[in-house]
Amino acid sequence: MRKQLLAVTLVSLFVQSILAGEAIDDPLKVKRIPPPGAVLKAEDRAELEKGVEALGKEIAALKEELKDKPQLAELLPDVQIYFNAVHYALKYDEFFNIKEPAKDVAAAKLLLMQGGERAKALRAGSAPWASVPSAKGRIVRGYVSKIDGSVQPYGLLVPESFDPKAETKHRLDIWYHGRGEDLSELRFIMGQQGSLGEVTPKDAFVLHPYGRYCNANKFAGEVDTFEALDDIKKHYKIDENRVSVRGFSMGGASCWQIATHFPGLWAAAAPGAGFAETPEFTHAFDPKNTGPKPTDFEQKLWHIYDATHYAENLFNLPTIAYSGELDGQKQAADIMARTLKEYGLELRHIIGPGAKHNYEAKAKEELNRQIDEIVAKGRNPVPTHIKFTTYTLRYNESFWITIESLGEHWKKARVEATIEGDTIVAATENVMSLTFNFAPGLSPFLLGVKPKVRIDGTEIALGEVKADRSFIAHLYRGDKWEDFDAKPVQFPADRKRHGMQGPIDDAFMDSFVMVAPTGKAFNEKTGDWVKGEMAHAVEHWRRTYRGEARVVDDDQVSNDAIKSNLVLWGDPSSNKMIAKILDKLPIKWDEKGIVIGGETYASGQHIPLLIFPNPLNPSRYVVLNSGITFRENEYLNNAKQNAKLPDWAIIDVSEPPTSRWPGKVVKADFFDEFWKVKK
């Protein structure tokens, strides 16, 4: 099975690549991802169901028994991942070995046994998989995700040199796996056993994120990296300045994205193959394509995950790309190299002679040698010169610079800053406020010094460096740049900010709850559409992000639920929560019409989709009538798994949902920086 998994992780995305004009509108005719599983023998299914039931009862009992033992209770996810792996495989028919289903059955039995052993150990007050010496080598662990309360697995290579009693902080490499349409939890956990993995640096931990399945670590798959990393830091001493990101194939694409979005976090990046952007890789504008071209808002939304748009951020992040000489996915490094050259940067690119979609042995050895040298030196947490570009406040930080607000989303925003003596010299583009933040002990300025900033030609005297050698300055642009601390201003509470900037898909990167309608809809046609689309959203959250969406009725929304992003389904007649907040939303909506931006749309034929700060809790979103916005067609190629709709849209439900859209998109746009409809 491990050989099969390795083959899966190295499968070429070019084989899967679907030209933009080849979309199949009927979702039932699109290749199903994940694929249908094998039919099990009745006796095998019965035996596994019995084992799942027994392990489930054991976990439930442990939850009660360990309430007063928090150190052991926090290890319960390490047991639950085994239960989930088999439970989900049974529930969703995900035994993918069609030719030899008995092998998957045997794997499931093994995982139930291993989960049972961990449960037994916890009951006895121990956790051998989390303690030396049995915790050495490659193990699998789990955490509870903030997004949907699901328990997600991750693999971890623990070095032989690890000693929990020592003060030594270890290097950690993050390794992103390749595309695997059948990479269920069961197969992922099995794949973490035995082989040490693709990269095994000396004395280093290696994190193998599951990434919530097969989505190129986008959206919830991206959050998975940081949730797994946080969980590791609870249990092991990790050197923050020696963490690197690596990956191959789809994992190489993940590496490009994570590296360019979060350049201040890593010591090095080593993407292999994969893709780095959308239009060229998917041939979106190929003249041979006869299908519809991407809309303007789709192209703007490419700014979320196209690494080429963030290429300049590698200015402070040592990056070495790898490609096989004969690999079609060499395209990713080639286009990044061309883009970096525009910024005066040269991409180091190691090419495996004669290699296709794989690592050539000597080239891989050289790649590892160079990355080892870079990581040994460690990340510099306070570089004196930073270049940082973004298009959204979702990605707003690089080292000691944080962009707090933009002039306009989806247009290039940039900060270049240099520390010159006791002065920060900065130039900005499309930035309205920002923060310079040096953590305790990291101020480049001496105690007692009052640093200055010269920003876009305006010089400002700042406050003093604090006794703990920290320094922070908040600046905002009015008629000119000002020091917020010296001249406080009241920023509008509804201004777009980090984590509250849209688009619709952004709501699914944090805790969310779906709210089902219990009343009668304005119109039977739109009511049926809501039922179908809500069911689609719940099913496809499971398919794409391997969690089960939390769903409550509109009359059961608790104060605790309001602490999460609320996804409200229905209309003001059918959903009590929509009716409750409607007058605070940027639309008018009754049984006759929907009014937004001065335009009216008949309620009997149209449904609004939008994301907006929740009037009941402005630090969280409210979403109307939408799950994740990419659909079945985009599952065929990870480069196309991008946000498809902006901040709001009007859908004509007289045309049925397709594999690309929830109906006919009559109108769609972004709100402005103050969550107002653009004029």
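Scope of this entry: the structure provided in the associated data block. (Residues numbered from 1 in each chain as written. Predicted model: local features only at pLDDT ≥ 70, side-chain atom pairs only at ≥ 80, totals over all residues. Heavy atoms only, no water.)

### Examining the overall build of the protein
Looking only at helices and strands, one finds 15 helices and 28 strands in the protein. Scored against the burial criterion, the 679 residues of the protein give a buried share of 58%. Taking the intrachain contacts of the protein between residues at least 6 apart in sequence as the baseline, contacts between residues at least 24 apart amount to 72%. With the model as given, the accessible surface of the protein reaches about 27,300 Å², and the carbon-plus-sulfur share is 52%. Positive and negative side-chain charges of the protein, numbering 88 and 94 respectively, have mean locations separated by a distance of 2 Å. (Helix = DSSP H or I, 4+ residues; strand = E, 2+ residues; numbered from the N terminus. Buried < 20%, exposed > 50% of the residue type's maximum accessible area, 1.4 Å probe, protein only. Contact = heavy atoms within 4.5 Å. Areas by Shrake-Rupley, 256 points an atom, 1.4 Å probe, with all protein chains shown as cover. Lys, Arg positive; Asp, Glu negative; His and termini not counted. Charge placed at Lys NZ, Arg CZ, Asp CG, Glu CD.)

### Some thoughts on the sheet that holds strand 23 (residues 593–596)
Strand order in the open sheet formed by three strands is 22-23-24, and the pairing between neighbours is antiparallel. The open sheet is flanked by strand 22 (588–589) and strand 24 (599–602), the only strands paired with a single partner. Inspection of the sheet shows strand 23 paired to strand 24 by four bridges, in the antiparallel sense. Its bridge partner lying in strand 24, glycine 593 is registered against alanine 602. (Pairing = 2+ DSSP bridges.)

### Structural notes on the layout of surface pockets
Considered as a void within the structure, the largest pocket measures approximately 950 Å³ in volume. Taken together, 40 residues make up the lining of the largest pocket; nearest its centre are Phe226, Phe262, Leu265, Glu397 and His498. For the lining of the largest pocket, the secondary structure elements donating two or more residues are helix 8 (220–235), strand 5 (238–248), strand 10 (397–398), strand 14 (431–438) and strand 26 (617–624). Of all the elements, helix 8 adds the most residues to the lining of the largest pocket, at seven residues. When the residues that make up the lining of the largest pocket are grouped by side-chain class, the tally is 18 nonpolar, ten polar and twelve charged. (1 Å grid on protein atoms, 1.4 Å probe; cavity = no way out; pocket = protein on both sides within 12 Å on 5 of 7 lines; lining within 4 Å. Points joined across faces, edges and corners; volume = space filled by probe spheres on them. Nonpolar A, V, L, I, M, F, W, Y, C, P; charged D, E, K, R; others polar.)

### Remarks on the nonpolar core
In terms of nonpolar packing, the biggest core is built from 156 residues, with Leu122 and Trp256 touching the most fellow members. Membership of the second largest hydrophobic core comes to 29 residues, among which are Leu393, Ala417, Val431 and Leu462. (Core = buried A, V, L, I, M, F, W, Y, C linked by side-chain atoms within 4.5 Å.)

### Section: the pattern of salt bridges
Evaluated as defined, the whole model comprises 45 salt bridges. Arginine 414 is the salt-bridge partner of glutamate 312, the closest N and O atoms lying 2.7 Å from each other. On the criterion of sequence distance, the pair formed by glutamate 312 in the loop between helix 10 (296–301) and strand 7 (320–324) and arginine 414 in strand 12 (residues 413–420) is long-range, its members being 102 residues apart. Take glutamate 312 and arginine 414: they sit in the same class, and that class is buried. Put simply, arginine 414 and glutamate 416 hold a salt bridge, and the shortest N to O gap is 2.9 Å. Note on arginine 414: relative accessible area 17%, which makes it buried. (Salt bridge = Lys/Arg side-chain N within 4 Å of Asp/Glu carboxyl O.)

### Digging into the side chain of glutamate 533
Position of glutamate 533 among the secondary structure elements: in helix 13 (residues 524–545). Overall, the relative accessible area of 8% leaves glutamate 533 in the buried class. At 2.9 Å, the side chain of glutamate 533 and the side chain of arginine 631 are in polar contact. Apart from the residues lying within four places of it in its own chain, the contact partners of glutamate 533 are Trp569, Arg631, Pro657 and Pro662. (Polar contact = N/O pair within 3.5 Å; in protein donor to acceptor, adjacent residues only side chain to side chain.)

### Points about empty space enclosed by the protein
Empty space among the atoms becomes visible once a probe the size of a water molecule is rolled across them. The final tally for this structure, using the stated rule, is four cavities of 30 Å³ or more. Of the pockets and cavities examined, the largest cavity occupies roughly 170 Å³. Around the largest cavity, the lining comprises 15 residues; the ones closest to its centre are Pro294, Glu298, Trp302, Lys640 and Lys644. Of the residues in the lining of the largest cavity, the class split is six nonpolar, three polar and six charged. A volume near 140 Å³ is recorded for the second largest cavity.

### Thoughts on the environment of aspartate 239
Among the structural elements, aspartate 239 can be located in strand 5. In sequence terms aspartate 239 and phenylalanine 671 are 432 residues apart; their C-alpha atoms lie 41 Å from each other. The residues contacting aspartate 239, other than those within four sequence positions of it, are Lys169 and His170. Side chain to side chain, aspartate 239 and arginine 242 meet in a polar contact 2.9 Å long.

### Some thoughts on unusual backbone geometry
Note that the residue after isoleucine 33, namely proline 34, is joined by a cis bond; omega there is -5 degrees. Among the structural elements, proline 34 can be located in the loop between helix 2 (13–16) and helix 3 (42–65). Omega for the bond connecting glycine 502 with proline 503 falls within 30 degrees of zero, at 0 degrees, which places this linkage in the cis form. Tracing the backbone through its elements, the reader meets proline 503 in the loop between strand 18 (481–483) and strand 19 (512–516). Look at aspartate 456: it is not a glycine, yet its phi comes out positive at around 50 degrees. Topologically, aspartate 456 is positioned in the loop between strand 15 (452–455) and strand 16 (458–461). You will see that arginine 546, though not glycine, has its phi angle at about 55 degrees, which is positive. Structurally, arginine 546 is set in the loop between helix 13 and strand 20 (551–553).

### With respect to the sheet that holds strand 21 (residues 565–568)
Spatially, 20-19-21-26-25-27-28 is the arrangement adopted by the seven strands of the open sheet, whose pairing is mixed. Each edge of the open sheet carries a strand with a single partner, namely strand 20 and strand 28 (664–669). With direction set aside, neighbouring strand axes in the sheet form an average angle of 20 degrees. In this structure, strand 27 (residues 648–652) lies alongside strand 28, joined through five bridges in antiparallel fashion. Across the sheet, aspartate 652 pairs through a bridge with lysine 664, a residue of strand 28. (Axes fitted to C-alpha atoms, helices over the stretch in contact; angles between N-to-C directions.)

### Looking at the packing of helix 3 against helix 6 (residues 101–123)
As a packed pair, helix 3 and helix 6 sit with axes 10 Å apart at the nearest point and diverge in direction by 20 degrees. Overall, the two elements helix 3 and helix 6 adopt an arrangement that is roughly parallel. For the element pair helix 3 and helix 6, the recorded crossing hand is left-handed. Only Val105, Ala108, Lys109, Leu112, Gly115, Gly116, Ala119, Leu122 and Arg123 of helix 6 make contact with helix 3, whose side of the interface consists of Asp44, Glu47, Leu48, Gly51, Val52, Leu55, Glu58, Ala61, Leu62 and Glu65. (Parallel < 35°, antiparallel > 145°, perpendicular 65-115°, else oblique. Left-handed = near helix turned anticlockwise from the far one by under 90°.)

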